[in-house]
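If you want the building blocks of each chain, they are given just below.
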Amino acid sequence: MNTTTYLSKKGFKELHKQINELEIREKALSAELRDIGRAKSRDDKLRRSDIIMNLENVHGKLAEKRTALKTAKPLPRKRDRLRIAIGSVVDLIDQQGQLFRYTLVDSLEADPSDGRISVDSPLGQSLLNRHATETISLGLGRTTRRLQVVGVR
């Protein structure tokens, strides 16, 4: 099941970087495996099996990243700027007057510490298709937090 993933320019750049790093790791592990050759001692056999396990792990991650890259498309450029959609930069203010700025992205490039939240997250889901000046309620355990949308770009 291939679903389209929308990525920003930064997301594409990071995905290419991750693929490149995994390819380098794959080559290094393959070279190390060739250097060991046929394992003779018990330590060599353990080291060889450890390298094979790491190599299989890298192959799996590499296949996953390459598939994501094949299904990735750039964020839509022309969209209704009044409604919140994937790629929107949203300014929110809470009840204490604290301002938050988030960019809605696909879960593949989400990084809350960098202000990029997934459209699949609870906050992302509650923001989609909202307008500026709307208030959303976000349930956090037993408490509910109210956030007002003050800007959409």
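Structure's up top.
Residues numbered from 1 in each chain as written. Predicted model: local features only at pLDDT ≥ 70, side-chain atom pairs only at ≥ 80, totals over all residues. Heavy atoms only, no water.

**Student:** How do you make sense of the overall build of the protein chain when you look at a structure like this?
**Tutor:** Of the regular secondary structure elements, the protein chain holds three helices and seven strands. Expected size for 153 residues packed as a compact globule is a radius of gyration near 15 Å; at 22 Å, the protein chain overshoots this value by more than 25%. Once the C-alpha set of the protein chain is aligned to its principal axes, its extents read approximately 70 × 40 × 25 Å. Only carbon and sulfur atoms are counted for the fraction: they give 50% of the accessible area of the protein chain, which is about 10300 Å². Separation between the mean location of the 30 positive side-chain charges and that of the 20 negative ones in the protein chain comes to 3 Å. (Helix = DSSP H or I, 4+ residues; strand = E, 2+ residues; numbered from the N terminus. Rg over C-alpha atoms; globule rule 2.2 N^0.38 Å. Areas by Shrake-Rupley, 256 points an atom, 1.4 Å probe, with all protein chains shown as cover. Lys, Arg positive; Asp, Glu negative; His and termini not counted. Charge placed at Lys NZ, Arg CZ, Asp CG, Glu CD.)

**Student:** Can you walk me through the sheet that holds strand β7 (residues 143-152) in this structure?
**Tutor:** In any sheet, the strands associate via hydrogen bonds between backbone groups, in a parallel or an antiparallel arrangement. Taken together, five strands build an open sheet; the order of strands is β5-β4-β3-β7-β6 and the sheet is mixed. The strands lining the two open edges of the sheet, one partner per strand, are β5 (116-118) and β6 (135-140). Adjacent strand axes in the sheet meet at a mean angle of 45 degrees when their direction is disregarded. For strand β3 (residues 89-94) and strand β4 (residues 99-105), the ladder comprises five bridges, and the chain directions are antiparallel. Paired with I93 across the two strands is L99, which belongs to β4. (Pairing = 2+ DSSP bridges. Axes fitted to C-alpha atoms, helices over the stretch in contact; angles between N-to-C directions.)

**Student:** Even after reading the chapter, I still don't get the nonpolar core, so can you show me in this structure?
**Tutor:** Note that soluble globular proteins tend to have their nonpolar side chains buried in a common cluster. The biggest cluster of nonpolar side chains holds 17 residues, and the ones touching the most others in it are I84, V90, L92, L104, L123, L127 and V149. Counting residues per element, the ones that place at least two in this core are β3, β4, α3 (122-127), β6 and β7. Apart from the residues within four sequence positions on either side, L123 is in contact with L92, Y102, I117, I136, L138 and L147. Listed in part, the 14 residues of the second largest apolar core include F12, L15, A68 and A72. (Core = buried A, V, L, I, M, F, W, Y, C linked by side-chain atoms within 4.5 Å. Buried < 20%, exposed > 50% of the residue type's maximum accessible area, 1.4 Å probe, protein only. Contact = heavy atoms within 4.5 Å.)

**Student:** Which parts of the structure should I look at to understand the packing of helix α1 (residues 9-36) against helix α2 (residues 42-71)?
**Tutor:** Packed helices, taken two at a time, are described by the angle their axes make and the gap between the axes. Where α1 meets α2, the axes come as close as 9 Å, and the angle between the chain directions of the two elements is 155 degrees. Relative to α2, the element α1 is oriented roughly antiparallel. Considering how the two elements wind past one another, α1 and α2 form a crossing that is left-handed. In the contact of α1 with α2, the residues fall into 14 nonpolar, five polar and 10 charged. (Parallel < 35°, antiparallel > 145°, perpendicular 65-115°, else oblique. Left-handed = near helix turned anticlockwise from the far one by under 90°. Nonpolar A, V, L, I, M, F, W, Y, C, P; charged D, E, K, R; others polar.)

**Student:** How should I be thinking about the pattern of salt bridges in this particular structure?
**Tutor:** Close approach of charged atoms allows side chains with opposite charge to pair. Considering all chains together, one arrives at 11 salt bridges under this definition. The partner of R116 in a salt bridge is D111, and the shortest N-O contact between them spans 3.6 Å. R116 sits in the buried class, given a relative accessible area of 8%. What you see here is one network of salt bridges that share partners, running through K10, E14, E109, D111, D114 and R116. (Salt bridge = Lys/Arg side-chain N within 4 Å of Asp/Glu carboxyl O.)

**Student:** It is not clear to me how the packing of aromatic side chains should be interpreted in this structure. Could you clarify?
**Tutor:** Both the distance between ring centres and the angle between the ring planes are used here to describe each pair of aromatic rings. Per the counting criterion, the structure on display carries one aromatic pair. With 6.3 Å between their ring centres and 5 degrees between their planes, F100 and Y102 make a pair best called stacked. The two residues F100 and Y102 agree in class, both being buried. (Phe/Tyr/Trp six-rings, centres within 6.5 Å; stacked < 30°, edge-to-face > 60°.)

**Student:** What is the right way to look at the environment of D120 in this model?
**Tutor:** For D120, the position within the fold is in the loop between β5 and α3. Here D120 falls in the exposed class, since its relative accessible area comes to 52%. Note: C-alpha distance between D120 and S107 (13 residues apart in sequence) is 6.6 Å. In this structure, D120 is in contact with S107 and Q125, ignoring residues within four places of it in sequence.

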